[in-house]
Amino acid sequence: MLKTTLAGLRARTARLVLSSIAIVLGVAFVSGTLILGSALDANLHNDFARQTRGVDVSVEPGRSSSGSADEDRGGISQTQLDQVRAVPGVAAADARWGAQVPLVGANGKAKSATVSALEGDQRLRMTDLQEGRMPAKADEIALDATTAQTAKLAVGQKVSVLDQADKPVPLTIVGTYTQGVSKSSLSGDAAVLLPSALAPLAKEHYVGQVVVAADQGVSQQQLADRISTAVGGKLSVKTGEQYTVDVLKQISRGSGGLTQFMLVFALIALVVAAMVIYNTFTILVAQRTRELALLRCIGADRGQVFRSVLLEALVMGLFASVLGLGAGVGLSAALQAGVGSVFGGSKGPVQLPLTVNTVLIAFGVGVVVTVLSAVLPALRATRVAPLAALRSLPDSQDEVRRTSVVRMAFVAILALLGGGVCFIGLRSGDSVGFIVTGLGTMVLLGAVIALGPVIVGPVNRVLGALPRLLFGVPAKLASANATRNPKRTAATTAALMIGVTIVTMITVAAASGKESVTSEIDKQFPADYLVTSAVREHPLPTSLADQLRAQPEVQTVTPTGSAEVKVNGKSLYLFGTPADSLGKSVQLKQSQGDVSRLGPDTLLLSDSQATRYGLKVGDRVRAGGATLTLAGTYSNEDQSSAIVSLETLQRIAPGTGYRMIMIKARDGVSPQAGQAAVEKATASSPIAEVASGAARKSDLAGRVDQMLMIMWALVGLAVVIALFGIANTLTLSVLERTRESALLRALGLTRGQLGFMLLIESVLIGLMGAVIGVLLGIGFAKLVVSALSTDKLQVGFVLPAGQLAVMLAVAVLAAAVAAVLPARRAARTSVVAGMAEA
Amino acid sequence: MSALASDVGTRTAVAARDLVKVYGKGDTAVRALDGVGVAFAAGQFTAIMGPSGSGKSTLMHCLAGLDTVDSGSVHIGQSEITRLSDRDLTKLRRDRVGFVFQAFNLLPTLTAEQNILLGLELAGRKPDQVWFDTIVDTVGLRDRLRHKPTELSGGQQQRVACARALVSKPEVVFADEPTGNLDSRSGAEVLDFLRMSVRKFGQTVIMVTHDPVAASYADRVVLMADGHLAGEIANPTADSVLAALRHLGA
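Cut-offs and rules
- Residues numbered from 1 in each chain as written.
- Chains lettered and ligands numbered in written order.
- Predicted model: local features only at pLDDT ≥ 70, side-chain atom pairs only at ≥ 80, totals over all residues.
- Heavy atoms only, no water.
- Phe/Tyr/Trp six-rings, centres within 6.5 Å; stacked < 30°, edge-to-face > 60°.
- Contact = heavy atoms within 4.5 Å.
- Buried area = accessible area lost by both parts, 1.4 Å probe.
- Salt bridge = Lys/Arg side-chain N within 4 Å of Asp/Glu carboxyl O.
- Helix = DSSP H or I, 4+ residues; strand = E, 2+ residues; numbered from the N terminus.
- Nonpolar A, V, L, I, M, F, W, Y, C, P; charged D, E, K, R; others polar.
- Axes fitted to C-alpha atoms, helices over the stretch in contact; angles between N-to-C directions.
- Parallel < 35°, antiparallel > 145°, perpendicular 65-115°, else oblique.
- Left-handed = near helix turned anticlockwise from the far one by under 90°.
- Pairing = 2+ DSSP bridges.

> Would you mind showing me how to read the packing of aromatic side chains here?
Each pair of aromatic rings is reported with the distance of its centres and the angle of its planes. Residue and element names in this part refer to chain B. Taken as a whole, this structure holds three aromatic pairs over all chains when the rule is applied. With a centroid separation of 5.5 Å and 5° between ring planes, the pair formed by phenylalanine 99 and phenylalanine 101 is classed as stacked. Taken together, the ring pairs in this structure connect Phe99, Phe101 and Phe174 into an aromatic cluster.

Below you can see the structure in the form of structure tokens.
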């Protein structure tokens, strides 16, 4: 029996290779994702390792018994650092701290950069020098390699940072470095200064960690104990080993997200691949009915027939897994190169760590999916009666059975389940509801797939009407062929339908989301332009408002500011806005008292803030040097939590600059001219950053589109697999219909017409999948969008008709391409040979 | 009809001259046809007979333009079909030739009526309703027209195939073992119909068979052996054919 199976495999190699492409692609996706995940993990490990290398003892501010975060504010003091340095056995101890400092780029505009104090001791540095050297003098700076690249700065150039009064401090770039992952490196631009140079630039000098290197012969534990005694119980002291363990714990949260995200799409691809394999084996078994029956006649039992089909699947799965794993390595390399170029980082060389797990999972997935997909067809093979060998079978019709009670019951259960889950999701109305609804739609998709064999007939009659009318006999035959075997057509269609449904769903949901977010921006952008500070801690100078008012293009200028004050012992951020802006740029939903007016001593609070500070309307509070009266509270939480008039703010915190300046242009001023005027007025301030609603919208739209492209690419693979499925089904059908094709040729069908017939059949199958998929996708997107919609954010439903039309066109075109090889094959067979074939 | 009938025995419908057909190359080459020359009169029912491997099926395929020849020529009416391109051959099959095969004669997706009219539709011709009715009534399929092939018996299927071959009024109908898959009663029905089409409508029919009983329905039997013409019998009976075959086999 084994020999027979292997001989069969050899004889059918070409067919099996074509079918296994589906599995190869699926396995490649899974293994590629896993390899990418391992590579990212390895990168993270390397990066984190740099943070902990050379550290024998780490000293951090301890949690005091009162547990208040405010008490840690001082961090580790210089005295404590000195105490640590004095402990015997300490070879070196350095404070690790940093601050946000505005770094002025080549374009004269400042960007906030995380500047770290350079560790004095070489062993304790977490940076790797790339070029030049580290700063040795106060007027020298070293830049993170990526930062230097983005800002177009090179070693030897002059650069400046802004001090707290926004005065430029000139520095020379002496080196570039790469650094390990830490809180600071994730936030973008980074640089290193000597601690003495950094101190005057920083608003607060908070030291969160002191790292210590031990002398030779002193163990980490010994040193940690000594330091612990020396600095008392106020600081927490841990060994380098413990520190490393703690740091690595953070990694699990690192690459997990991306890997899981991609594995979801890999799963979709695998489901589609499984359907293609199932279909292939069903057809192969149907075509081999005679052969299998002959085996039964000779004396093979049902088990042997079953095993021979499964063995075939096993060999195919193994073969496909090997290829898929190879393709996965390539895919991962391509992805890493792609990710590196998209996010503009010199992320280092492409790594391809092939773990045992990845190999096992790749083979497991490839083999298990293939074998499982072949189980049903194999069972069907066992039902072939020995007598079938003696009959001539014009068509593999044994599987052509229409509806069954079991099927309809199954469909009903799935539909009810999916509908129920969607209903629950829609009712819950938060972010979980959105995911629940999404799951519900997938169950509904399952119901439609199960219903497939029942609906392909009617759908085909509708879709086939036009070609039947236009193209005559070949189209009529094609249309009849497309549904002669409803189960086969349904399975082929379903593979494509899954991909198209998901793509449509994502596209429509994204378009709806984009639309509602842009309209949200319109609401939130009461002004034409916004000037904000590029550096959070550095407010805009008040003179900027006057310069803006001087521009002829500008109609109104509305500055706002903010300051932190202590109220009842807790800090409160006050938002200052011109008194006349209430009801215009600042719209409040009154809940208690009066929020329509801002007097000199008026304070307005959001409901939650009023509760938090224990204040009622009419209460008086001391803030800074002023006494304020709580005049009213409001319920909209999207507004700032505490509002006073701008003049009041200036009184409470004199010298505070503006946080934001809103500008309205005069009527008739073009957006470009307005933008130019605002930029001209703010050119003198390096920290002023100009934004407009239009720019923000196009920026956001760009990001949504980019995300959509990535999703399209990910789901695209499932669609490609499905198209292979169509090509595969057609090829097998052509083989099955060799005699029929020959008969048609004998009756006068030209070669061209025969090919055309297959082309139409393929396009019809493709259209069925695409049309049902698009319709389902739109419906599902509607459900998901309404689940996403909350009181705060109303998401409207938008149909990106253009994109959907393109998708349908691509599906039709791809289906036509899928028919090319089968059609050529069918046309090539000679009439006599075709008729002679058993 | 009368015009056709007057042609009986006088006009040549199909003629082959010095036909050579070789399968394979070098040592394994088989000369399936080795210089065959034969003519078939219009309005006659001719059977081609011979043992397995005698070349009778190859001869029919070449006569019908289904297969190419290595040398020699075939004429259907005035046209030399051995010179035609694939496109012209297709057109010839569509318009001037009818086929009945041993098995797998019908498209499973089409009804009996659609199968009968398929050839005409491919040619883009309108069926002659009177002629269609005549044929359908002659083969006795009036109440089966809307059935799919799987719902018909083997004999009925073959009669549908015969009706399809005749409905386009071809110059010649080629039948390849038309009774090979049928029981003797169904076979007799099909043969009766073929003979009747010759007698009644003046149709030219060329049939390949290995069954002496089937051959006895023909007006003339052409015998083949080893790629050569091995004789012929006019007005054959089952016995005379059997005797001739026994002679060939020896």
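Once the structure has been displayed, the description carries forward.
> Help me understand the interface of chain A and chain B in this model?
Interface size is commonly expressed as the accessible area that is lost once the parts come together. Opposite the 24 residues of chain A that make contact, chain B presents 23 residues. Roughly 2200 Å² of surface becomes buried between chain A and chain B when both sides are summed, with 68% attributable to carbon and sulfur atoms. Looking at the side of chain A facing chain B, the largest losses of area belong to Leu743(A), Leu747(A) and Val832(A), adding up to 26% of the total buried there. Here chain A is connected to chain B by zero salt bridges. For the side of chain A that touches chain B, the elements supplying multiple residues, two or more each, are helix H15 (473–482), helix H22 (738–747), helix H23 (751–788) and helix H26 (831–836) of chain A. Looking at the side of chain A that touches chain B element by element, the count peaks at seven residues for H22(A). Residue composition of the side of chain A that touches chain B, by class: twelve nonpolar, five polar and seven charged.

> Is there a simple way to think about the packing of helix H21 (residues 693–736) of chain A against H23(A) in this case?
Two measures define how a pair of helices packs: the angle their axes make with one another and the distance between the axes. Residues and elements named next belong to chain A. Between H21 and H23, whose axes approach to 11 Å, the crossing angle comes to 140°. Classified by the angle their axes make, H21 and H23 are oblique. Pair H21 / H23 crosses with right-handed handedness. Where H21 approaches H23, its residues Ile726, Leu730 and Val734 are matched on the opposing element by Leu758, Glu761, Ser762, Ile765 and Gly766. Classifying every residue of the contact of H21 with H23 gives five nonpolar, two polar and one charged.

> Would you mind showing me how to read the sheet that holds strand E4 (residues 71–76) of chain B here?
Residue and element names in this part refer to chain B. Across the sheet, four strands lie side by side as E2-E1-E4-E5; this open sheet has antiparallel pairing. Of all strands in the sheet, those with a lone pairing partner are strand E2 (30–41) and strand E5 (79–80), marking the two edges. Judged from the five bridges that link them, strand E1 (residues 12–23) and E4 form a sheet pairing that is antiparallel. For alanine 16, the partnering residue across the bridge sits in E4 and is valine 74. The sheet strands contacting helix H2 (residues 56–63) are E1, E2 and E4, and the helix crosses E1 at an angle near 120°.

> Got a minute to help me understand the packing of H22(A) against H23(A) in this structure?
Residues and elements named next belong to chain A. H23 packs onto H22 with a crossing angle of 135° between their chain directions and a minimal axis gap of 10 Å. Relative to H23, the element H22 lies oblique. Where H22 crosses over H23, the handedness of that crossing is right-handed. Only Arg751, Leu754 and Met757 of H23 make contact with H22, whose side of the interface consists of Ser741, Leu744 and Arg745. In the contact of H22 with H23, the residues fall into three nonpolar, one polar and two charged.

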